[in-house]
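Residues per chain are reported as follows:
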Amino acid sequence: MKNFTYYRPTTLEAAVALLDSRWGTSELLAGGTDLLDLQKEYVAQPDKVVSLNFVNDPIFTRIDVPQILPGTKAQVSIGAGVKLAEIAEHAELKKLFPALTDAAATIGGPQIRNMGTLGGNLCQRNRCWYFRDEFVQCLLKGGRKCYATDGENRYHAIFTRGHPCVIVNPSTLAPALIALGASAETVGPTGKRTLELSKFFQAPSKPDQREHVLVPNEIVVRVLIPVEGLRNASYEVRHKHSWDWPLVQAAVAFRLSGGKATDVRIILGHVAPTPHIATEAQKLVEGQTITPELAAKAGEAATAGAAPLSQNGYKVQLVKVAVKRALLLASGAQPDWLL
Ligand SMILES: Cc1cc2nc3c(=O)[nH]c(=O)nc-3n(C[C@H](O)[C@H](O)[C@H](O)COP(=O)(O)OP(=O)(O)OC[C@H]3O[C@@H](n4cnc5c(N)ncnc54)[C@H](O)[C@@H]3O)c2cc1C
Ligand code: SF4
């Protein structure tokens, strides 16, 4: 690991002031479960590491679930410094947002969940093995080609939309939060801003781009989730019961009134450089009663536009399964795959 100077600011404003305005020379350290790996692999070589672990601001460190009164608009606030384990185990969040708590509960193992934070999860770097290899200079490291496109690409994107870098966005929380209509509040050199999470991610293709749209000296302060009474669920297909990332994930949310689903959101994870909105599937389910037959049709529709690479065609079938099961789970149906 390259030597660096370590800073321990106690306010977010002080942390912002310590960060550089270009990527690479300074990094934020939250739980360190991603950053330290990248540093040990010489993929990240910052001169300054700015820890967020001494920031003493309850908005950044706590979960706040307001009293929810009928007819009022309420928002849940989750500080970016909150650990994944706290999200996974929070009783009120489990009732309101099972899509989020189930997604948090499956991330890594207990050690990762007890160190990793919400902010770090949203801002973590991609897991492409070429990117993570110190000796490979691909597009994201200033090289001239993507090695995954014609190489080992079984865990890469199936919805690439012609994008030159075929990573999948690594965050399992992101699809659930987007389905729930969440937004991120940030603080940076020009002050605070609020970004819908559906606009938070981007598909990077060069070294001065990250998997999100934040500027280098901008910090996620918290995530806000509106309480809208939506049915919601997240379903992941994984390699047996492992600590690894999901192969495919579907997060869904919808309003259920008179037996019909409205305001339907179906977001796919781990299949595209950004969380993927399954527009065709959403249209198909809108205004309908969710039955196993409709959920299966929605799974088919969710694959519209898929263009698998040489080794990841299997993900198309997994999308169908994940969408079908997420919809059935959210509708309250007895999951027949558990019988
Ligand atoms: C074995 C293993 C399995 C895993 N499985 C999964 C999985 O299934 N799903 C999944 O989603 N993740 C998975 N992860 C990744 C894990 O969730 C992330 O490593 C973790 O969430 C990162 O959080 P952190 O606080 O440790 O971030 P750090 O490592 O401290 O930081 C990660 C990045 O985020 C930036 N950052 C951190 N906080 C902020 C902030 N508040 N504002 C702006 N930038 C910030 C840092 O600068 C850094 O670039 C896995 C990791 C491991 C090691
Ligand atoms: S998918 Fe992206 S990160 Fe991986 S080799 Fe291609 S350009 Fe690099």
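Source: prediction; values computed, not measured. (Residues numbered from 1 in each chain as written. Chains lettered and ligands numbered in written order. Predicted model: local features only at pLDDT ≥ 70, side-chain atom pairs only at ≥ 80, totals over all residues. Heavy atoms only, no water.)

Right, let's get into the packing of helix α11 (residues 292-301) against helix α12 (residues 314-331). Relative placement of two packed helices is described by the angle separating their axes and the distance separating the axes. Packing of α11 against α12 brings their axes to within 7 Å, and their N-to-C directions diverge by 140°. By the angle between their axes, α11 is oblique relative to α12. In this structure, α11 crosses over α12, and the sense of that crossing is right-handed. On the side of α11, the interface is formed by Pro-292, Ala-295, Ala-296, Ala-298, Gly-299 and Glu-300, while α12 contributes Val-319, Lys-320, Val-323, Lys-324, Leu-327 and Leu-328. Residues that form the contact of α11 with α12 fall into these classes: eight nonpolar, one polar and three charged. (Axes fitted to C-alpha atoms, helices over the stretch in contact; angles between N-to-C directions. Helix = DSSP H or I, 4+ residues; strand = E, 2+ residues; numbered from the N terminus. Parallel < 35°, antiparallel > 145°, perpendicular 65-115°, else oblique. Left-handed = near helix turned anticlockwise from the far one by under 90°. Contact = heavy atoms within 4.5 Å. Nonpolar A, V, L, I, M, F, W, Y, C, P; charged D, E, K, R; others polar.)

Before going further, it helps to examine the site of ligand 1. Taken together, 34 residues lie near ligand 1, and Ala-30, Thr-33, Leu-35, Thr-117 and Thr-172 sit nearest. Breaking the shell around ligand 1 down by element, the ones donating at least two residues are β2 (26-29), α8 (118-123) and β8 (219-227). Of all the elements, α8 adds the most residues to the shell around ligand 1, at four residues. Along the lines of polarity and charge, the residues of the shell around ligand 1 split into 16 nonpolar, twelve polar and six charged. (Near = heavy atom within 4 Å.)

Quick look at the pattern of salt bridges now. Summed over all chains, the structure comprises 16 salt bridges. For the salt bridge of Arg-265 with Glu-228, the shortest nitrogen-to-oxygen distance reads 3.5 Å. Remark: Glu-228 occurs in the loop between β8 and β9 (231-237) and Arg-265 occurs in strand β11 (residues 260-269); sequence separation between them is 37 residues. In this structure Glu-228 comes out as partly exposed when scored by relative accessible area, which is 32%. (Salt bridge = Lys/Arg side-chain N within 4 Å of Asp/Glu carboxyl O. Buried < 20%, exposed > 50% of the residue type's maximum accessible area, 1.4 Å probe, protein only.)

Quick look at the sheet that holds strand β12 (residues 276-277) now. Taken in spatial order, the four strands of this open sheet run β9-β10-β11-β12, and their pairing is antiparallel. With partners counted over all chains shown, the strands left at the sheet margins are β9 and β12, one partner each. Of the pairings in the sheet, the one linking β9 to strand β10 (residues 248-257) comprises seven bridges and is antiparallel in character. What sits directly across from Tyr-235, in β10, is Ala-250. Packed onto the sheet, helix α6 (residues 98-105) meets β9 and β10 and runs at close to 25° relative to β9. (Pairing = 2+ DSSP bridges.)

What follows deals with the pairing of strand β7 (residues 191-196). In the sheet, strand β6 (residues 183-188) pairs with β7 via six bridges, with the strands oriented antiparallel. Bridging from a neighbouring strand, Glu-185 pairs with Thr-194 of β7. Here β6 folds back onto β7 in antiparallel fashion, the turn holding two residues.

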